[in-house]
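Structural overview
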Amino acid sequence: QKEVEQDPGPLSVPEGAIVSLNCTYSNSAFQYFMWYRQYSRKGPELLMYTYSSGNKEDGRFTAQVDKSSKYISLFIRDSQPSDSATYLCAISDNKLIFGAGTRLAVHP
Amino acid sequence: GAGVSQSPRYKVAKRGQDVALRCDPISGHVSLFWYQQALGQGPEFLTYFQNEAQLDKSGLPSDRFFAERPEGSVSTLKIQRTQQEDSAVYLCASSLETSGSDEQFFGPGTRLTVL
């Protein structure tokens, strides 16, 4: 079993839709949770970062961590075509442990 | 300011050749990481430097892989006797300090194709 499991997608939604992306993890000791966005042929860039449980909101993006169920979520409201990318959840153990990534396509 | 840069961006090697991939981290960043990203997968950790010290090389897949950061800035990942399964994007990331909460800034990667 991988340490971080992520819904593989791909996911295709119309512009304006609410997108939900999810991951589960196995080690309850993890404390730092990230979401990275990766455009084609680019390196990942940090989108959201959460420490321990709870919610964090930044504009149209909300990250949630539920440590009791070892579940990580990213919600995107009012999705835009420019949000089309691969979204990677990651856990920081100094090094980053990534999920496989979910490819999202938002069509006009 | 300049981000993390990597060179070459693309590399084609014949099986059995040696390759060297370079990473220029953000100036002043203490920590440097190498990751390998296979097609359709998330990046996987290879190795970690704090300044010039290689503190973790547990992710290197075989003894054909070697990394160095002799002066605590530029790093080189070397792969000897390349195999087809080495084909992947190799990503370098740097962070300012050594805390697990520090943001890692990624370069664009080197896409290695082994024929």
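Relevant structure appears above.
On to the environment of Leu60(B). Residues and elements named next belong to chain B. Topologically, Leu-60 is positioned in the loop between strand 6 (53–56) and strand 7 (65–68). On the basis of relative accessible area, Leu-60 is assigned to the buried category, the value being 16%. For the pair Leu-60 and Gln-104, spaced 44 residues apart in the sequence, the C-alpha separation amounts to 19 Å. Contact partners of Leu-60, with chain neighbours within four places excluded, come to Leu-46, Thr-47, Gln-54 and Phe-65.

All names here are of chain B. If you walk through the whole model with that rule in mind, you get 2 disulfides over all chains. Here Cys-23 engages in a disulfide with Cys-92; their sulfurs sit 1.9 Å apart. Note on the Cys-23 and Cys-92 pair: the S-S dihedral is about -65 degrees, so by sign convention the disulfide is left-handed. Here the residue Cys-23 occupies a position in strand 3 (residues 19–24), and Cys-92 occupies one in strand 9 (residues 88–95), the gap between them amounting to 69 residues.

Turning to the sheet that holds strand 8 (residues 71–76) of chain A, a few remarks are in order. All names here are of chain A. Taking strand neighbours across the sheet as the criterion, the 5 strands line up as 1-3-8-7-6 in an open arrangement whose pairing is antiparallel. A single partner strand is all that each edge strand has here, and the edge strands are strand 1 (4–6) and strand 6 (54–58). Adjacent strand axes in the sheet meet at a mean angle of 15 degrees, parallel and antiparallel pairs treated alike. Of the strand pairs in this sheet, strand 1 and strand 3 (residues 19–25) are connected by 3 bridges, and their pairing is antiparallel.

Quick look at the pattern of salt bridges now. All names here are of chain B. Under the definition given, this model contains 7 salt bridges over all chains. As a salt-bridge pair, Glu-68 and Lys-78 come within 3.4 Å of each other at their nearest N and O atoms. Of this pair, Glu-68 sits in strand 7 while Lys-78 sits in strand 8 (residues 75–79); the two residues are 10 residues apart in sequence, bridging distant segments of the chain.

All names here are of chain A. Strand direction decides the pairing type here: strand 9 (residues 85–93) and strand 10 (residues 95–98), joined by 4 bridges, are antiparallel. Bridge pairing in strand 10 links Ser-92 to Leu-96. Counting the residues in the hairpin turn of strand 9 and strand 10 gives 1 residue, including Asn-94, whose phi is positive at 70 degrees.

Moving on, we come to the interface of chain A and chain B. In this assembly, 19 residues from chain A lie in contact with 24 residues from chain B. Summing the contributions of chain A and of chain B, the shared interface buries around 1,600 Å²; its carbon and sulfur component is 49%. Three residues, Arg41(A), Asn94(A) and Lys95(A), lead the burial of chain A against chain B; their summed loss comes to 34% of the area buried on that side. Along the contact surface separating chain A from chain B lie 0 salt bridges. Here chain A and chain B share 6 residue pairs in polar contact (both at pLDDT 80 or more) between them. Counting only elements with at least two residues in the side of chain A that touches chain B, the list comes to strand 4 (32–38), strand 5 (45–51), strand 9 and strand 10 of chain A. Here the residues of the side of chain A that touches chain B are counted per class, giving 10 nonpolar, 5 polar and 4 charged.

Rules behind the numbers
Residues numbered from 1 in each chain as written. Chains lettered and ligands numbered in written order. Predicted model: local features only at pLDDT ≥ 70, side-chain atom pairs only at ≥ 80, totals over all residues. Heavy atoms only, no water. Helix = DSSP H or I, 4+ residues; strand = E, 2+ residues; numbered from the N terminus. Buried < 20%, exposed > 50% of the residue type's maximum accessible area, 1.4 Å probe, protein only. Contact = heavy atoms within 4.5 Å. Disulfide = S-S within 2.5 Å. Pairing = 2+ DSSP bridges. Axes fitted to C-alpha atoms, helices over the stretch in contact; angles between N-to-C directions. Salt bridge = Lys/Arg side-chain N within 4 Å of Asp/Glu carboxyl O. Buried area = accessible area lost by both parts, 1.4 Å probe. Polar contact = N/O pair within 3.5 Å; in protein donor to acceptor, adjacent residues only side chain to side chain. Nonpolar A, V, L, I, M, F, W, Y, C, P; charged D, E, K, R; others polar.

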